[in-house]
Amino acid sequence: MRILKLLIACSLAGTINLSCNQTKKEKMTESVSELPKAKYEKNINPQDFTTVIEGDSVKFYALTNANGMEVTFTNYGQRLVSLYIPDRDGNFEDVVLGFNNLEDYRAKKNFYGATIGRYGNRIAKGKFSLDGKLYDLAINNNENHLHGGEVGFESVVWKVVEQSKNAISFSRTSPDMEEGYPGNLEVRVSYVLTNDNELQISYEAKTDKPTYVNLTNHSFFNLKGEGKGNVYDHVVQLNADKFTPVDKGLIPTGELRDVAGTPFDFRAPKLIGKDIETDYDQIELGNGYDHNLVLSKVPKNREGLTFAARVVEPTSGRTLEVYTSEPGVQFYTGNFLDGSDIGKSGNVYERRGSFCLETQHFPDSPNHPEFPSTRLDPAETYTSYCTYKFGVTKN
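Just so you know, these numbers come straight off a predicted model, no measurement behind them.

1. Quick notes on the overall build of the protein chain
Here comes step 1: Of the regular secondary structure elements, the protein chain holds 4 helices and 28 strands.
Here comes step 2: In terms of overall dimensions, the protein chain is globule-like: its C-alpha atoms have a radius of gyration of 21 Å, near the 21 Å expected for 395 residues.
Here comes step 3: Over its C-alpha atoms, taken along the principal directions, the protein chain stretches across nearly 70 × 50 × 40 Å.
Here comes step 4: Counting across all 395 residues of the protein chain, residues that qualify as buried make up 56%.
Here comes step 5: Taking as baseline every contact in the protein chain between residues at least 6 positions apart, the subset at least 24 positions apart corresponds to 68%.
Here comes step 6: Carbon together with sulfur atoms contributes 50% to the accessible area of the protein chain, which is approximately 16700 Å² in total.
Here comes step 7: The centroid of the 44 positive side-chain charges in the protein chain is displaced by 4 Å from the centroid of its 53 negative side-chain charges.

Next comes the structure, spelled out in structure tokens:
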């Protein structure tokens with residue numbers, strides 16, 4: 001983890017300055033008209049993300065690397081708005097779902113690209129006990145609490161505390177009892193876009209009262225390009241021998257079930273569409289895949305993060321690998337998208353037109369002492385790391 005933290009710090013400190021010895025002639029060649037257009041300009045005008053909400057400024061931010069990759073954000077909901085990666089022929093596409101203006105993000109209750117908190121995923125009945133006290137959370141998913149409540153981290157303005165060409169950090173303080181959670185929670189989330197085509201995400205949080213925390217990123221991916229059909233043809237490998245079955249409210253039952261012999265066995269690469277309509281109780285309850293996979297502890301990458309998943313889109317050759325410090329990952333196949341959302345490029349976001357790989361602790365952990373704990377005490381610092389690594393196959 002120390003290597004990852006050093007890389008983040010160095011990237012944020014690495015803002016490029018013009019040399020004092022640069023000649024006037026060299027400066028003249030850097031006119032605005034000669035600068036290459038950003039890829040996002042095809043579908044997005046940054047002014048459509050510029051406003052003030054309850055006294056807080058909202059803006060649009062872009063990161064690039066040496067290979068032409070580009071990631072953009074708004075600090076409203078700390079949302080990842082677009083992510084351009086190449087195919088095997090060098091053609092770039094935006095591979096995450098989202099909108100081309102702030103008002104659509106505010107008006108449509110969805111989690112496209114958002115940082116999720118205080119608690120990613122569901123908490124049963126919106127209740128938990130902590131040190132003998134019962135807490136009631138906001139109920140926003142039938143009878144349960146989902147992704148932090150009615151006004152979660154996806155619906156608030158974050159501060160940008162550092163930025164360079166390839167890195168950015170956001171912060172905010174979630175006040176005591178926000179959406180029912182105890183403690184003033186200071187949160188910082190940092191992103192680094194490396195020249196290895198990795199988007200590295202690090203989360204840190206501190207509290208002044210005991211509380212529960214489970215942060216994640218909720219990007220919806222389609223490696224063919226956002227809005228370009230369903231993802232049945234994507235080939236997925238998940239590094240998990242077990243998963244957590246759910247009840248009809250998608251709350252874990254407490255069982256850790258072997259994936260062997262079930263549609264959840266992605267230990268060997270498999271098409272998303274192969275078993276997604278199988279007559280199996282958990283597929284029916286989830287309306288497809290919408291489950292937490294229990295990750296194996298090996299293998300690990302050079303930063304010590306566990307390999308969680310690999311996805312290949314055969315036609316473009318684009319690949320995505322996921323590494324994390326978390327014990328689980330939520331595999332979700334966009335089952336609740338219904339075609340009512342129109343994306344950045346004007347395409348309809350159809351049912352199962354994307355997938356999510358949300359690195360996390362298990363859903364409803366506060367009510368399952370047998371699960372890895374998500375408790376955070378004042379003397380501790382919550383940390384979580386996730387790396388999305390992009391590449392291509394040769395054929």
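There's more to say after this.
2. Details of the pattern of salt bridges
Here comes step 1: Enumeration over the complete set of coordinates arrives at 23 salt bridges.
Here comes step 2: A salt bridge links Arg-302 to Asp-196; the nearest nitrogen and oxygen atoms lie 3.2 Å apart. Of this pair, Arg-302 sits in the loop between strand E22 (290-295) and strand E23 (306-312) while Asp-196 is found in the loop between strand E14 (185-193) and strand E15 (198-207), placing the two residues 106 residues apart along the sequence.
Here comes step 3: Owing to a relative accessible area of 42%, Asp-196 belongs among the partly exposed residues under this scheme.
Here comes step 4: When the shortest N-O distance is used, the salt bridge between Lys-274 and Asp-275 registers 3.8 Å.
Here comes step 5: For Lys-274, a relative accessible area of 58% corresponds to the exposed category.
Here comes step 6: One salt-bridge network, held together by shared partners, links Asp-196, Glu-198, Arg-302, Glu-303 and Lys-389.

3. Some points on the environment of Phe-220
Here comes step 1: Considering the arrangement of structural elements, one finds Phe-220 in the loop between strand E17 (216-218) and strand E18 (235-238).
Here comes step 2: Excluding residues within four positions of it along the chain, Phe-220 makes contact with Val-95, Val-96, Leu-97, Asn-110, Phe-111, Tyr-112, Tyr-332, Leu-337, Ser-354, Phe-355 and Cys-356.

4. What to know about the sheet that holds strand E3 (residues 60-64)
Here comes step 1: Across the sheet, which stays open at both edges, the 4 strands sit in the order E3-E4-E5-E6 with antiparallel pairing between neighbours. Either end of the sheet is taken by a strand with one partner, and the two such strands are E3 and strand E6 (92-94). Recorded for the sheet is a direction-independent mean angle of 15 degrees between the axes of neighbouring strands.
Here comes step 2: Alignment of strand E4 (residues 70-74) against strand E5 (residues 79-86), held across 5 bridges, turns out to be antiparallel. Residue pairing across strands places Phe-73 opposite Leu-80, the latter belonging to E5.

5. Section: the sheet that holds strand E25 (residues 328-332)
Here comes step 1: Strands sit in the order E20-E19-E22-E25-E26 across an open sheet of 5 strands; the sheet is antiparallel. Of all the strands in the sheet, just strand E20 (257-258) and strand E26 (356-360) have a single pairing partner and so form its edges.
Here comes step 2: Across 5 bridges, E25 lies against E26 in antiparallel orientation. What sits directly across from Gly-328, in E26, is Gln-360.

6. A short note on the packing of aromatic side chains
Here comes step 1: Applying the stated criterion across every chain, the model contains 28 aromatic pairs.
Here comes step 2: Taken together, a centroid distance of 6.4 Å and an interplanar angle of 90 degrees make the contact between Tyr-61 and Phe-170 edge-to-face. Of the two residues, Tyr-61 sits in strand E3 while Phe-170 sits in strand E13 (residues 167-174), which places them 109 residues apart along the sequence. Here the two residues Tyr-61 and Phe-170 agree in accessibility, since each one is buried.
Here comes step 3: The interplanar angle of 55 degrees and the centroid separation of 6.2 Å between the aromatic rings of Phe-264 and Tyr-280 together place this pair among those described as tilted. With Phe-264 in the loop between E20 and strand E21 (270-271) and Tyr-280 in the loop between E21 and helix H4 (281-286), the pair connects residues that are 16 residues apart, well separated along the chain. Residue Phe-264 shares its accessibility class with Tyr-280, and that shared class is buried.
Here comes step 4: Members of the aromatic cluster, joined through ring pairs, are Tyr-40, Phe-49, Phe-60, Phe-99, Tyr-105, Tyr-112, Phe-220, Tyr-332, Phe-336 and Tyr-349.
Here comes step 5: The ring of Phe-266 has Lys-270 sitting right over it, with the charged end atom 4.2 Å from the ring centre.

7. Structural notes on the nonpolar core
Here comes step 1: Membership of the largest hydrophobic core comes to 57 residues, with the highest contact counts inside it found for Leu-83, Tyr-191, Leu-320, Phe-331, Phe-355, Leu-357 and Tyr-388.
Here comes step 2: By residue number, the principal contributor to this core is E14, which donates 5 residues.
Here comes step 3: Counting residues in each nonpolar core, the second largest holds 21 residues, with Ala-38, Tyr-76, Val-81 and Phe-99 among its members.

8. As for the side chain of Glu-226
Here comes step 1: By the secondary structure assignment, Glu-226 is in the loop between E17 and E18.
Here comes step 2: Buried and without a salt bridge, Glu-226 has Lys-344 as its closest oppositely charged side chain, separated by 5.1 Å.
Here comes step 3: For Glu-226, the side chain forms a polar contact with the side chain of Ser-345, separated by 2.6 Å.
Here comes step 4: Apart from the residues lying within four places of it in its own chain, the contact partners of Glu-226 are Asp-94, Val-95, Val-96, Leu-97, Gly-343, Lys-344, Ser-345, Asn-347 and Tyr-349.

9. Brief notes about the environment of Val-189
Here comes step 1: Examined against the element boundaries, Val-189 turns out to sit in strand E14.
Here comes step 2: Taking the C-alpha atoms as reference points, Val-189 and Leu-238, separated by 49 residues in sequence, lie 25 Å from one another.
Here comes step 3: Sequence-distant contacts of Val-189, that is, excluding residues within four places in its chain, are made with Gln-78, Thr-115, Trp-158, Ile-168, Ser-169, Phe-170, Ile-201, Ser-202 and Tyr-203.

Conventions adopted
Note on numbering: residues in each chain are counted from 1, in written sequence order. Two thresholds apply to this predicted model, a pLDDT of at least 70 for residue-level local features and 80 or more for giving and counting side-chain atom pairs, whereas whole-chain, interface and lining totals are computed over all residues. The side-chain values count all of the structure's non-hydrogen atoms but skip hydrogen atoms and water molecules. Helix numbering and strand numbering both begin at the N terminus, where a helix is a DSSP run of H or I of at least 4 residues and a strand a DSSP run of E of at least 2. Throughout, the radius of gyration refers to the C-alpha atoms, and the reference size of a globule is 2.2 Å times the residue count to the power 0.38. Between buried and exposed lies partly exposed: a residue is buried under 20% and exposed over 50% of the maximum accessible area for its type, with that area taken using a 1.4 Å probe on protein chains only. Any two residues whose heavy atoms approach within 4.5 Å at even a single point are treated as in contact. The protein chains shown are the only cover counted for residues, whose accessible areas, like all others here, come from Shrake-Rupley with a 1.4 Å probe. Counted as positive: Lys and Arg. Counted as negative: Asp and Glu, with His and the chain ends omitted from the count. One atom stands in for each charge, and that atom is NZ of Lys, CZ of Arg, CG of Asp or CD of Glu. Any Lys or Arg side-chain nitrogen found within 4 Å of a carboxyl oxygen on Asp or Glu counts as a salt bridge. For two strands to pair, DSSP has to find at least two bridges joining them. Lines fitted to C-alpha atoms define the axes, with helix axes restricted to the stretch in contact, and inter-axis angles between N-to-C directions lie between 0 and 180 degrees. In this scheme Phe, Tyr and Trp rings, the latter by its six-membered ring, pair at centre separations within 6.5 Å, and the angle between planes marks the pair as stacked below 30 degrees, edge-to-face above 60, and tilted otherwise. Placement of a positive charge over a ring is assigned whenever Lys NZ or Arg CZ falls within 6 Å of the ring centre and within 35 degrees of the normal to the ring plane. Joining through side-chain atoms within 4.5 Å is the link that ties buried Ala, Val, Leu, Ile, Met, Phe, Trp, Tyr and Cys residues into a set, and such a set is a nonpolar core. Pairing of N or O atoms within 3.5 Å defines a polar contact, subject to two protein rules: one partner must be a possible hydrogen donor and the other a possible acceptor, and residues neighboring in sequence count only if both atoms are side-chain atoms.

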